[in-house]
Amino acid sequence: MQITILAIGNKMPAWVDANCDEYIRRMPKDLSLKLIELPAQKRSKNQSIDAIRRKETEQLLAAVPDKNYVVVLDERGESVSTALLAKKLNGWQLNSRDVCLLIGGPDGIDFSVFADSKVTGSKSVRSQSPEWRWSLSPLTFPHPLVRVIVTEQLYRAWSVSEGHPYHRE
């Protein structure tokens, strides 16, 4: 199974890349984790935040591999414990369906894009809601830190399901 993390923004600090790479490296071959960075839209006084958010969301959706289970990181999503995340991870593995996690830019995700049916280039943009909206916390984190938290939590969830000593209760 492949888990792909699509994130808006590149040129992250070295500590972000080092930490994400470490957890990606630790994942087993049969549950590989990949992080793909997509460039953020340029911010200017002439563009509204709504227009920028929409373009970034369209960019994320256009990059989602076909037939992936789509998870959106969203502050209004479901908060889960490590044990519940481990159960979700096991469920994804049992379904033999790859998973794609979407991390929006600093202005978040435009959920109206999911409802719009449109074609971008030769690829049809999905016209449905994400399968799951996941909230890491009611707190707001800087976007670079979200990547580290997500990769670490996926590794931790795997370690729980495997009885690996990384996670101690």
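The shown structure was predicted, so the numbers you read here are calculated from the model rather than taken from an experiment.

1. A look at the sheet that holds strand β4 (residues 99-103)
Taken in spatial order, the five strands line up as β2-β1-β4-β3-β7 in an open sheet, and their pairing is parallel. Among the strands making up the open sheet, the edge pair consists of β2 (32-38) and β7 (132-135). Looking at each pair of strands side by side, their axes are set apart by 30° on average, direction ignored. Summarising the sheet, strand β3 (residues 69-79) and β7 pair through five bridges and their orientation is parallel. Residue pairing for β7: V71 is matched across the bridge by W132.

2. Remarks on the pairing of β3
As a general feature of sheets, a regular strand has side chains that alternate between the two faces. As paired strands, β3 and β4 are joined by four bridges and run parallel to one another. Counterpart to V71 in the pairing with β4 is L101. In this view, the connection linking β3 to its parallel neighbour β4 by way of helix α3 (residues 82-95) has right-handed handedness.

3. Re the packing of α3 against helix α5 (residues 143-162)
Two quantities define a packed helix pair, namely the angle between the axes and the distance from one axis to the other. As a packed pair, α3 and α5 sit with axes 8 Å apart at the nearest point and diverge in direction by 80°. Between α3 and α5, the interaxial angle falls into the category roughly perpendicular. In this structure, α3 uses T82, L85, A86, L89 and N90 to contact α5, whose residues at the interface are Q153, L154, R156, A157, W158, V160 and S161. Tallied by class, residues from the contact of α3 with α5 come to seven nonpolar, four polar and one charged.

4. Section: the pattern of salt bridges
Opposite charge on two side chains lets them pair, provided their charged atoms get close. Summed over the entire model, instances satisfying the criterion amount to 13 salt bridges. With a closest N to O distance of 2.7 Å, D107 and R43 form a salt bridge. Here D107, found in the loop between β4 and α4 (112-115), pairs with R43, found in the loop between β2 and α2 (49-63); they are 64 residues apart in sequence, far enough to count as distant. According to the relative accessible area criterion, D107 is partly exposed, its value standing at 24%.

5. Examining the packing of helix α1 (residues 14-26) against α5
One way to put it is that α1 packs onto α5 with a least axis distance of 9 Å and a crossing angle of 15°. Considering the angle they form, α1 stands roughly parallel to α5. Crossing of α1 over α5 shows left-handed handedness. Of the residues in α5, those touching α1 at W15, V16, N19, C20, Y23, I24 and R26 are P144, L145, R147, V148, T151, E152 and Y155. Of the residues belonging to the contact of α1 with α5, the class tally is nine nonpolar, two polar and three charged.

6. Some words on α5
Taking 1.5 Å per residue as the helical rise, α5 with its 20 residues ought to reach 28 Å, and the 29 Å between its terminal C-alpha atoms agrees with that figure. Of the residues flanking the end of α5, it is G163, one or two places downstream, whose phi is positive at about 70°.

7. A few points about the packing of aromatic side chains
Scanning all chains against the criterion turns up eight aromatic pairs. Where F111 meets F114, the ring centres are 5.7 Å apart and the plane angle is 20°; that geometry is what we call stacked. By relative accessible area, F114 is classed as buried at 1%. An aromatic cluster of three or more residues is present, and its members are Y23, Y155, W158 and Y166. The ring centre of W132 lies 4.3 Å from the NZ or CZ of K88, which sits over that ring.

8. Remarks on the confidence of the model for the protein chain
Averaged over all residues, the pLDDT of the protein chain equals 90, while 92% of them reach at least 70. Within the model, the stretch residues 119-124 combines pLDDT values under 50 with nine contacts to residues more than four positions away or in other chains.

Calculation notes
Residues numbered from 1 in each chain as written. Predicted model: local features only at pLDDT ≥ 70, side-chain atom pairs only at ≥ 80, totals over all residues. Heavy atoms only, no water. Pairing = 2+ DSSP bridges. Helix = DSSP H or I, 4+ residues; strand = E, 2+ residues; numbered from the N terminus. Axes fitted to C-alpha atoms, helices over the stretch in contact; angles between N-to-C directions. Right-handed = clockwise from strand over helix to strand, strands pointing away. Parallel < 35°, antiparallel > 145°, perpendicular 65-115°, else oblique. Contact = heavy atoms within 4.5 Å. Nonpolar A, V, L, I, M, F, W, Y, C, P; charged D, E, K, R; others polar. Salt bridge = Lys/Arg side-chain N within 4 Å of Asp/Glu carboxyl O. Buried < 20%, exposed > 50% of the residue type's maximum accessible area, 1.4 Å probe, protein only. Left-handed = near helix turned anticlockwise from the far one by under 90°. Expected span 1.5 Å × (residues − 1). Phe/Tyr/Trp six-rings, centres within 6.5 Å; stacked < 30°, edge-to-face > 60°. Lys NZ or Arg CZ within 6 Å of the ring centre and 35° of its normal. pLDDT = per-residue confidence, 0-100.

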